[in-house]
Structures are given as C-alpha cells and as structure tokens.
Amino acid sequence: MSFRFSSGTMDSMAGVFAPPKKYRLGSGGGSPKAPNAGGTMLGIAVASMFPKPSSSAAASRPSVQAKHAFGGGNQARMSGRAVMTMDRTSRRVPEVMVRITGRQHGGGHVLANFAYISRLGHGPEKELGLETSDGDVLRDGRHMQVLAQDWHEWEMDGDARRKGATSISMILSMPTGTDPEKLKAAAVDFAREEFANRSWVAGLHVDRDHPHVHITIARRDLDGRRFHPDRDDLFRWRQRFAEKLRDRGIEANATPTRARGLDPTHEHIAVQKMRDKGQVPRIDVSRADRAQWLLDQGIADPVKSVLATRQATVRATYMRSITELSTSPSFADQVVAQSLEKFVASLPEAEANSARAMREADERRRAREADALKIDRGVDAPAPAEPLSTLARLKALRDKTAQRDATPALVTSPDKPAPPERPLEVADRLQALIERANKLTERKDDGESPDAANERLSALIEKTSQPVAPIETDRADEIVRQVQERDRAQQERDRARDRDGPSR
C-alpha cells in the first residue's frame, strides 16, 4: 500500500507550495451575473433526491487547492508528487525562473524585441537565430520585419484605434552550470505545448553567467483570442518548465519563495537589475529610512512580525509532514523526512527582500574592498609589519653587542664535519684590530703612530663596553616619521608609474 498524506496535511502543504487559487467568476470580461433563483432551487431539489456521501469519503477527498499545487488524480498520486516536491526542496535543487519581461506595442516595437533577442547588428559571430513556432530559424532582419508586421496587423484586426499590446515577452532561466542546449530544448518543448495555438519565437542567450531563453509570444492566438497572464499562469508555467528540464536529466524545482523561508513579496525586475549593477534602488532607500524611523521611535517593525508568523506556519506544515513521513513503512519516505528535518533547521530568519538585498550588497562591498586590498599588496603577500621605533632598534643593537656567545660547544665525530664557526663579537674584532696595529711599524696615511692607534682603539673598546646613554624619544620618533614618509612617497611614485600600464 502506497503512502498517503492526510487531507489536512495536503491542504496545509498546498498553501505552502502553491499560490491561492484564483477563482474567475465571469468569462470574457465584464461583471459576473447573479445566479438564477429558479435554477438554484431546482438544483437543490435534485440534490436532495440523492444520498449524501459519508463524512470519511468527503474528508479524504483532495481539495481544489491541493490539486492546484500537486496536480490531479487520486490521493495516493498527489501524495507521491508532494513527497517528491519536498524531497527536491530539502535537497535545495536549483529553482527555475519564469518571468514576464515586458509587452510590445506595434510592429516596430516587436521588431526591436526580435533584434535584441537575435543580437541583430552585433556582427556575424554574435548574431543568433530565432526559432519560430513553425519550426523555422530566422536570421535575416527582413524576415523578422515581415513577421513583426504580421503580428501587428493580426492584433489590430482592422481597428486603427486599438492600443493593446501586440506581443508579450518572457524569460526562462536556470542557475550557472546548466547545460544550455538542454535548457533551450526544454524551453522550446514547453513553448510548443503551452502556446500551441499561438505564434512565438525563442532565442538562447549564454552571454551571462546563467543560460536563459527569451520567448516572445503573439498576444492574439490563431482563433483571435487574447490572453492576459496572471499568477496562476506563471505558477503553471514554472511547473511545466521544471518538468521539461527533469525529462532531460536536469534537476529542477519550482517552489514559491515562502517554501524556502524567503519573503514572497514580488520585486520588479528593474530593481534586481539595479542591484546587480551596484546601484541602490529607491525601494531600498525607503526601506532603510523606514527602519531607521521605527528604530528611533522604539517601535517594532510590523513587517518582521508578519514574516515571522508566515514562516512559523511554514515550519509547522513541514513538521506535520515530517511526522507523517516518519511513520511510513517505506525507507525512502523516512530518508525524505530526515532530509526535510535538516532543511527546516537551516531555514533563514524572517527578513524582508529589501533588507536582505541591502545586507548582501554590504557584504559584497566589503568583499570587493578586501580583494582590492589583497591585489594592492600583491597576491599571497603578507601584510607589512609595524615598523619598530628608533629607540627600540638601538636598544636591540646594544643588547646584541653586549651579549656574549653562550652557545655550548658541540661534540663532533670523525665522520661528521664540525659546524661552522660563529662570527666574532664586536669586542673580539676590536681586540684583533689592536693586535694587528701593534705589529705595524709605521702609519703614513694620517701620520698617526702605532701607539696613538692603540690608544684610539682602546678608547673605542671602553666606549663600547659602557652602557648606552638614553636617547631622546622625540628625536627618534621624528626620524622614524621621516623614514615612513619617504617610503610612502616612493610607493606612491611606483604605483603611479604603473597605473595606466607601461608607457610607450
């Protein structure tokens, strides 16, 4: 017997893994009409003639929201899809991205979109072919112009006053490391099934760190009906695109952000592009000003409380699923429960999108400054040590001069050579100079006699053995400061010389 989640758990998971189902009361626009009173009474009378289902059967019946999240079918099949979804989520499988990027008005605007997707005019080595819904590949600008004009005329339908969009553009993307060709094949297969009754073009871009496919769809289908994508359509597109990728061996998931512990508030694509360029959008500035005002007033941020409550609901849903999966006789279900438990423990704290974006931008800025500092100092170059003061260096020199060689003699063996002798100390070298001077019979350089030289060297020895007089610290610090300024000026000259590259 296959594992089945309870109806309550399925409904709770459906609220996490799918947006609320949007009911459409009317069709074709306009206000929905009120139900006919006579028809309602007739329906009640007919329903009373048949026995009502038992409470157990009604309780086990999946809800509309559960079908919306995990597809149709019986309870067992829906539970299987739910388990696989939670397994991918707990393993943090890459998430697909399907987003509407804009709408084009008129044939000229559509042609400009075609030129952007195909990189028309960027040179033969950069131009791309556009795959169409008819299976053709457009590479010539004239053919693109003809197709754009056909879309425009079909959308206008002889009404010169129409101001609706001619086409809708969207992007399908996956993170870095995804096979571009498999991504394009999955996107084209997705477009052929989802927009089977419409005209569209698709083009693969690999110019960024993540491969993505641009798709532009004619807003009016071959039967003359226009479509307006909403939240349910985007959810369905993400689910279907992820399935196409999995069919080609690419692990892909399509879950809402709240299922991963993130703020589900939608942000415009222009805001994210500004952040990628290092710019600060107005929404982040407003968020920072609002947070500072609340902090000054001593008021708790209500956004954090709302996000914390929502994340607590998500955690409770996961824990309820873990409890039921742990009781499953299947070992695979128990492994999923353990993985899901670790995932829940690693969920991030509740944080608004703008606050998280500002924090991540600050972390990237600090990382760039640290990298620039490393490059300035050289790769793998240690940081320069703090220079010693002149007084400290003089004291170290005095101690070294007055210190005697106290190292014990090493016992050497016939087969082992003796270690090299240590250099003589200052006093010993001076004594050697005295003995050498005694052997001199005459000194002609300075007209100095040997006795005078002996007296001078003896005075030097006595001066060396005397303690060093204290040195003025102000003078020493002044000398060190001058040396540091000279070194800094030399570094600036060396850096300025190579700043713009080698000179001609």
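The shown structure was predicted, so the numbers you read here are calculated from the model rather than taken from an experiment. (Residues numbered from 1 in each chain as written. Predicted model: local features only at pLDDT ≥ 70, side-chain atom pairs only at ≥ 80, totals over all residues. Heavy atoms only, no water.)

Explain empty space enclosed by the protein here, please?
Think of a ball as big as a water molecule: rolled over the atoms, this probe shows where empty space is left. Summed over the entire model, instances satisfying the criterion amount to 1 cavity of 30 Å³ or more. A volume near 80 Å³ is recorded for the largest cavity. Residue lining of the largest cavity: Arg 258, Gly 261, Leu 262, Asp 263, Pro 264, Leu 307, Arg 310, Gln 311, Val 314, Ala 350 and Glu 351, and that is the complete set. (1 Å grid on protein atoms, 1.4 Å probe; cavity = no way out; pocket = protein on both sides within 12 Å on 5 of 7 lines; lining within 4 Å. Points joined across faces, edges and corners; volume = space filled by probe spheres on them.)

Explanation requested: the packing of aromatic side chains in the structure shown.
What characterises a pair of aromatic rings is the spacing of the ring centres plus the angle enclosed by the ring planes. Applying the stated rule across the entire model yields 9 aromatic pairs. When the centroid spacing of 4.9 Å and the interplanar angle of 80° are considered together, the rings of Phe 3 and Phe 5 count as edge-to-face. The residues Phe 3 and Phe 5 share a single accessibility class, namely buried. Each residue in the set Phe 190, Phe 195, Phe 227, Trp 237 and Phe 241 is aromatic and connected to the rest through ring pairs, giving one cluster. Its guanidinium or amino end placed over the ring of Phe 227, Arg 198 lies 3.9 Å from that ring's centre, counting from NZ or CZ. Across from the ring centre of Trp 154, 4.7 Å away, lies the NZ or CZ of Arg 220, which sits over that ring. (Phe/Tyr/Trp six-rings, centres within 6.5 Å; stacked < 30°, edge-to-face > 60°. Buried < 20%, exposed > 50% of the residue type's maximum accessible area, 1.4 Å probe, protein only. Lys NZ or Arg CZ within 6 Å of the ring centre and 35° of its normal.)

Teacher, can you tell me more about the environment of Ile 269 here?
Among the structural elements, Ile 269 can be located in helix H10 (residues 269-276). Taking C-alpha positions, Ile 269 is 7.6 Å from Thr 101, a pair spaced 168 residues apart along the chain. If we ignore the near neighbours within four places in the chain, the residues touching Ile 269 are Arg 99 and Thr 101. (Helix = DSSP H or I, 4+ residues; strand = E, 2+ residues; numbered from the N terminus. Contact = heavy atoms within 4.5 Å.)

Can you help me understand the side chain of Asp 284 in this one?
Within the secondary structure, Asp 284 sits in helix H11 (residues 282-297). Other than its neighbours up to four places away in sequence, Asp 284 contacts Arg 275, Ser 354, Ala 357 and Met 358.

Even after reading the chapter, I still don't get helix H8 (residues 180-194), so can you show me in this structure?
Every α-helical turn comprises 3.6 residues, leaving residues that sit three or four positions apart pointing alike. Along its 15 residues, H8 runs 21 Å from first to last C-alpha, staying within 8% of the 21 Å computed at 1.5 Å per residue. Among the residues of H8, those classed as buried are Leu 183, Ala 186, Ala 187, Val 188, Phe 190, Ala 191 and Glu 194. The inward-facing, buried residues of H8 abut strand S2 (130-132), strand S4 (167-173), strand S5 (200-205), strand S6 (212-218) and helix H9 (231-247). (Expected span 1.5 Å × (residues − 1).)

Before we go on, may I ask you to explain the packing of helix H5 (residues 75-90) against helix H13 (residues 331-345) in this structure?
Think of two packed helices as two axes; the pair is described by the angle between the axes and how far apart they sit. Packing of H5 against H13 leaves a shortest axis separation of 9 Å and a crossing angle of 45°. As far as their axial angle goes, H13 and H5 are oblique. Handedness of the crossing formed by H5 with H13: left-handed. Across from Val 83, Met 86, Asp 87, Thr 89 and Ser 90 in H5, the residues of H13 making contact are Asp 333, Val 336, Ser 339, Leu 340 and Phe 343. A per-class count over the contact of H5 with H13 returns 5 nonpolar, 3 polar and 2 charged. (Axes fitted to C-alpha atoms, helices over the stretch in contact; angles between N-to-C directions. Parallel < 35°, antiparallel > 145°, perpendicular 65-115°, else oblique. Left-handed = near helix turned anticlockwise from the far one by under 90°. Nonpolar A, V, L, I, M, F, W, Y, C, P; charged D, E, K, R; others polar.)

Is there a simple way to explain the pairing of S4 in this structure?
Burial runs high along S4: 7 of the 7 residues are buried. Inspection of the sheet shows strand S1 (residues 97-104) paired to S4 by 7 bridges, in the antiparallel sense. For Ile 100, the partnering residue across the bridge sits in S4 and is Met 170. (Pairing = 2+ DSSP bridges.)

Looking at this structure, I do not really get the packing of helix H6 (residues 107-118) against helix H7 (residues 141-156). What am I missing?
H7 packs onto H6 with a crossing angle of 140° between their chain directions and a minimal axis gap of 8 Å. Between H6 and H7, the interaxial angle falls into the category oblique. As for the relative orientation of H6 and H7, their crossing is right-handed in sense. For the pair formed by H6 and H7, the contact residues are Gly 107, Val 110, Leu 111, Phe 114 and Ser 118 on the first element and Gly 141, Met 144, Gln 145, Leu 147, Ala 148, Trp 151 and His 152 on the second. Across the contact of H6 with H7, the residue classes tally to 7 nonpolar, 5 polar and no charged.

I keep staring at the pattern of salt bridges and nothing clicks. Help me out?
Pairing between side chains of opposite charge can happen when the charged atoms of each approach one another. As enumerated under the stated definition, the model contains 22 salt bridges in all. Note that Asp 221 and Arg 225 form a salt bridge whose closest N and O atoms lie 3.2 Å from each other. Look at Asp 221 and you get buried, because its relative accessible area is 3%. For Arg 225, a relative accessible area of 51% corresponds to the exposed category. Residues joined by salt bridges that share partners form a network here, namely Asp 189, Glu 193, Lys 244 and Arg 248. (Salt bridge = Lys/Arg side-chain N within 4 Å of Asp/Glu carboxyl O.)

The analysis is restricted to geometry; functional conclusions fall outside its scope.
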